[in-house]
Amino acid sequence: MLQLPFIRENKETVLTGLHKRHFANAEDTIDQVLNLDQQRRDTQRELDDVLAQSNAKAGQIGALMKAGDKAAADAAKAETAELKTRSKDLGETLRQIEMALQAVLVTIPNIPHSSVPEGRSADDNEVVLENGEKPTLHEGAQPHWELIKKYDIIDFELGVKISGAGFPVYKGKGARIQRAMINFFLDEALKAGYLEVQPPIVVNEDSGFGTGQLPDKEGQMYYVTEDKLYLIPTAEVPITNLYRDVILPEAQLPVKNVGYTPCFRREAGSWGAHVRGLNRLHQFDKVEIVRIEKPENSYAALEEMSQHVQGLLQKLELPYRVLRLCGGDMGFTSALTYDMEVWSAAQQRWLEVSSVSNFETYQANRLKLRSKLDGKMQLMHTLNGSALALPRILASILENNQTPEGIRIPNVLVPYCGFDRID
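Residues numbered from 1 in each chain as written. Predicted model: local features only at pLDDT ≥ 70, side-chain atom pairs only at ≥ 80, totals over all residues. Heavy atoms only, no water.

## Some words on the overall build of the chain
Scanning the chain from N- to C-terminus turns up 13 helices and 19 strands. The C-alpha atoms of the chain give 27 Å as radius of gyration, which overshoots the globular expectation for 423 residues (22 Å, by more than 25%). With respect to the three principal axes, the spread of C-alpha positions in the chain is 105 × 45 × 45 Å. In the chain, which comprises 423 residues, the share counted as buried stands at 49%. Contacts spanning at least 24 positions in sequence make up 74% of the contacts within the chain whose residues lie at least 6 apart. In the chain, 48 positive and 58 negative side-chain charges are present, and the distance between their average locations comes to 3 Å. (Helix = DSSP H or I, 4+ residues; strand = E, 2+ residues; numbered from the N terminus. Rg over C-alpha atoms; globule rule 2.2 N^0.38 Å. Buried < 20%, exposed > 50% of the residue type's maximum accessible area, 1.4 Å probe, protein only. Contact = heavy atoms within 4.5 Å. Lys, Arg positive; Asp, Glu negative; His and termini not counted. Charge placed at Lys NZ, Arg CZ, Asp CG, Glu CD.)

Rendered as structure tokens:
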């Protein structure tokens, strides 16, 4: 969440940021926050005053009794009882105001970084760079959903039988290349100084709230009703929540974690040709990098993470481009996001394979993730990025590297796969 003092002291900056996001009713929402905040502070001051009076009266009672002034002592007791009733009522009023304030605060997205471009949708995202040559395919080249049937490496029908649409079964060389990519991505992250962790793939409500999936995206998450647990949409959620309610020693900064997990997304309302095959799934594998940084270092870290993801794409020999997302297309919790897209030669379109984001203090405020820097307790900046999500990477490898004789495996994956061609 945004911090209350920041909203209070920077109202116009907050409104400018919300307008860049095209956040509806920005003025009314911020005015509501400020009004509730003023009510909260006024009520707190009144409560503090009543408690102070009550404590003073309680101190007087003993002295009056000792002095033998029973009438005055009884009067003081009656006043103390009234003050206790008043303090109880004020405490309940304060609780109601704080609940109302919290309910509004969680609806407000993060404020975009100054470099975030204007725009309402993906059509307005800024292309930062494009790298690599788009391959020219032979006559009769096919999209990946035809190739996987031709070479019998992924079976969607079996997945439907077992679970439903969007849950493919990888087999043979299809399963082996999945494992190869996971190990390659993890090894590259380890070389870059990340610590590997293997987190749970279900999280509780507090974890979902801490990273901003709840209450914003509950409709996109699978929910285990009886146990009140959510299947993770990304490893960002459990890995970042390792540091919920933690005060990190400065010596431990920066934190750099990497983890592989399956990911689960309901993707409600998704349909059409753009989601065929591996383009959009309910279950998929992903390697995620997560960082916790001092505020002054977080944007340099974001650029470093972007370079790390680009390095993976270069080693996979995939043409790619980097986008800076506009205000209207950014995720709820992000201050700045880069998307990486690879070229799908048979589909003749770009496919998103990674988002790398800086959340500044937005998640840390929910998580109560802090460090003592220069003698002062401060919220940290959190960042995360896909490095990488597997399905669309595999789709592009299959399509871009197809030949009449089979599908060539990128050289960097051959030692992991144990084969250099699918035929």
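So, next bit.
## Quick look at the sheet that holds strand E14 (residues 370-373)
Judged by pairing direction, the sheet is mixed, and its three strands sit side by side in the order E8-E14-E15 without closing on themselves. The open sheet terminates on both sides in strands that have one partner only, identified here as strand E8 (247-248) and strand E15 (376-379). The pairing of E8 with E14 spans two bridges and is classified as parallel. Residue pairing across strands places Leu 248 opposite Ser 371, the latter belonging to E14. (Pairing = 2+ DSSP bridges.)

## Considering helix H7 (residues 173-191)
Taking 1.5 Å of rise per residue, the 19 residues of H7 would be expected to cover 27 Å, and the 26 Å separating its terminal C-alpha atoms lies within 8% of that figure. After H7 finishes, the residue Gly 193 shows a positive phi value of roughly 95 degrees. (Expected span 1.5 Å × (residues − 1).)

## Here's the deal with the packing of aromatic side chains
Summed over all chains, the structure comprises six aromatic pairs. Measuring from ring centre to ring centre gives 5.9 Å for Phe 184 and Tyr 416, while their planes differ by 65 degrees; the resulting arrangement is edge-to-face. With Phe 184 in helix H7 and Tyr 416 in helix H13 (residues 414-417), the pair connects residues that are 232 residues apart, well separated along the chain. Between Phe 332 and Tyr 362, the ring centres sit 6.1 Å apart and the planes meet at 80 degrees, which makes this aromatic pair edge-to-face. (Phe/Tyr/Trp six-rings, centres within 6.5 Å; stacked < 30°, edge-to-face > 60°.)

## So, the pairing of strand E10 (residues 283-293)
For E10, the tally of buried residues reaches ten of eleven residues, placing the bulk of the element in the interior. Sheet topology note: the strand E9 (residues 255-264)/E10 ladder contains ten bridges and is antiparallel. Across the sheet, residue Gly 259 finds its bridge partner in E10, namely Glu 288. Relative to strand E16 (residues 381-389), E10 runs antiparallel, the two being bridged by seven bridges. Following the sheet pairing, Val 290 is matched in E16 by Asn 384.

## Overview of helix H3 (residues 26-66)
For H3, which comprises 41 residues, the first-to-last C-alpha distance of 61 Å matches the rise-based estimate of 60 Å (1.5 Å per residue) to within 8%. At the C-terminal side of H3, Gly 68 shows a positive phi close to 80 degrees.

## Regarding the packing of H3 against helix H4 (residues 70-105)
Here H3 crosses H4 at 160 degrees, and the two axes come no closer than 8 Å. Looking at the two axes, H3 sits roughly antiparallel to H4. In this structure, the crossing between H3 and H4 has a hand that is left-handed. Within the contact of H3 with H4, the residues separate by chemical class into 20 nonpolar, eleven polar and nine charged. (Axes fitted to C-alpha atoms, helices over the stretch in contact; angles between N-to-C directions. Parallel < 35°, antiparallel > 145°, perpendicular 65-115°, else oblique. Left-handed = near helix turned anticlockwise from the far one by under 90°. Nonpolar A, V, L, I, M, F, W, Y, C, P; charged D, E, K, R; others polar.)

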